[in-house]
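Listed below are the residues making up each chain.
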Amino acid sequence: MAQPTTEQHASQPRTVLVTGGNRGIGRSIAEAFVAAGDRVAVTSRNGDAPDGAFAVAADVTDSGSVDAAFKAVEEKFGPVEVVVANAGITRDTLLLRMSEEDFTDVVDTNLTGAFRVVKRASKGMLKLKRGRVILISSVVGLYGSPGQINYAASKSGLVGIARSLTRELGSRNITANVVAPGFIATDMTAALPEAQQQAYLGSIPAGRFGQPEEVARVVRWLSGEDAGYISGAVIPVDGGLGMGH
Ligand code: NDP
């Protein structure tokens, strides 16, 4: 019988839940876990999922919907061992034009949404006595960006969640880390004006935009045994754009 390659698990497959996994970065993350042989569930509002993943419709702004999604996944696959809080939105505009709703909607999805998902996931992880929490932030969270006060606030807040969670549950064999992508080619960045895309390109030391798969590989590595002693870290995947921020 063929031995597992380093890309596959030598141990049992795990139950993995990726929020916002129907497209973009989340979809690539889900595909990477499927390829590694894990049991993968994907949530989004429209309920699509890549091949090989279990699709569950869920809105991260609604804790009842998040709870129902976890129940469906637990029934099908058992407790969630790896959770990737990836669902996110932007509503960019300069501060003086930003409505309170622009601010609170983005925070409700990106930050409070992650809180709802992580809180629900932690119940099963505590019972399992192990777990991996990965929060998809952004270079913008610590670097800042004009026109993104709402988004930057939501993304830097994820660092506080990961570090507090590490202090709260680190002794229970649960790690919590942040992945901070730079400019990755997805629907979210395609929606930016061409001039803004070119301005970003000029400031990225790597001289190119990133691909969703480049984020996915880091997320999967962080969820694996080799990263078992990493917690509360912020891992950039940004071609040098944030450079240590
Ligand atoms: P996309 O816009 O392509 O995808 C966003 C995902 O989030 C979709 O799956 C969407 O599904 C889901 N989503 C949005 N709102 C909700 C909600 N209320 N409930 C459930 N799911 C929701 O974005 P990207 O793939 O580019 O981004 C993924 C993550 O990476 C985001 O958190 C983003 O902030 C972050 N990021 C992206 C960067 C980039 O350059 N692309 C850079 C840095 C960070 P649906 O709409 O069907 O519900």
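Criteria and thresholds
Residues numbered from 1 in each chain as written. Predicted model: local features only at pLDDT ≥ 70, side-chain atom pairs only at ≥ 80, totals over all residues. Core = buried A, V, L, I, M, F, W, Y, C linked by C-beta atoms within 7 Å. Buried ≥ 20, exposed ≤ 12 C-beta atoms within 10 Å, placed from the backbone. Helix = DSSP H or I, 4+ residues; strand = E, 2+ residues; numbered from the N terminus. Contact = placed C-beta atoms within 7 Å. Pairing = 2+ DSSP bridges. Axes fitted to C-alpha atoms, helices over the stretch in contact; angles between N-to-C directions.

A. Local environment of the nonpolar core. Membership of the largest hydrophobic core comes to 59 residues, with the highest contact counts inside it found for Val83 and Leu135. Tallying contributions element by element places helix H3 (residues 100-128) first for this core, with seven residues. Other than its neighbours up to four places away in sequence, Val83 contacts Leu17, Val117, Val118, Ala121 and Val133.

B. Representation of the sheet that holds strand E3 (residues 54-57) in the model. One open sheet accounts for seven strands, arranged E3-E2-E1-E4-E5-E6-E7; its pairing is parallel. The two strands at the open ends of the sheet, each matched to only one other strand, are E3 and strand E7 (234-237). Here the strands of the sheet are splayed against their neighbours by 20° on average, with no regard to which way each runs. Across five bridges, strand E1 (residues 15-19) lies against strand E2 (residues 39-44) in parallel orientation. Across the sheet, residue Thr15 finds its bridge partner in E2, namely Arg39. Strands E1, E2, strand E4 (82-85), strand E5 (131-136) and strand E6 (174-181) of the sheet are contacted by helix H1 (residues 24-35), whose axis makes an angle of about 170° with E1. Taken strand by strand, helix H2 (residues 63-77) contacts E1, E2 and E3, and its axis lies near 155° from that of E3.

C. Unusual backbone geometry, seen in detail. Of note, Lys129 is a non-glycine position whose phi angle comes to about 70°, a positive value. Its identity as a non-glycine residue notwithstanding, Asn173 has a phi of 70°, on the positive side. Position of Asn173 among the secondary structure elements: in the loop between helix H5 (149-169) and E6. With 14 C-beta atoms packed within 10 Å, Asn173 lands in the partly exposed category.

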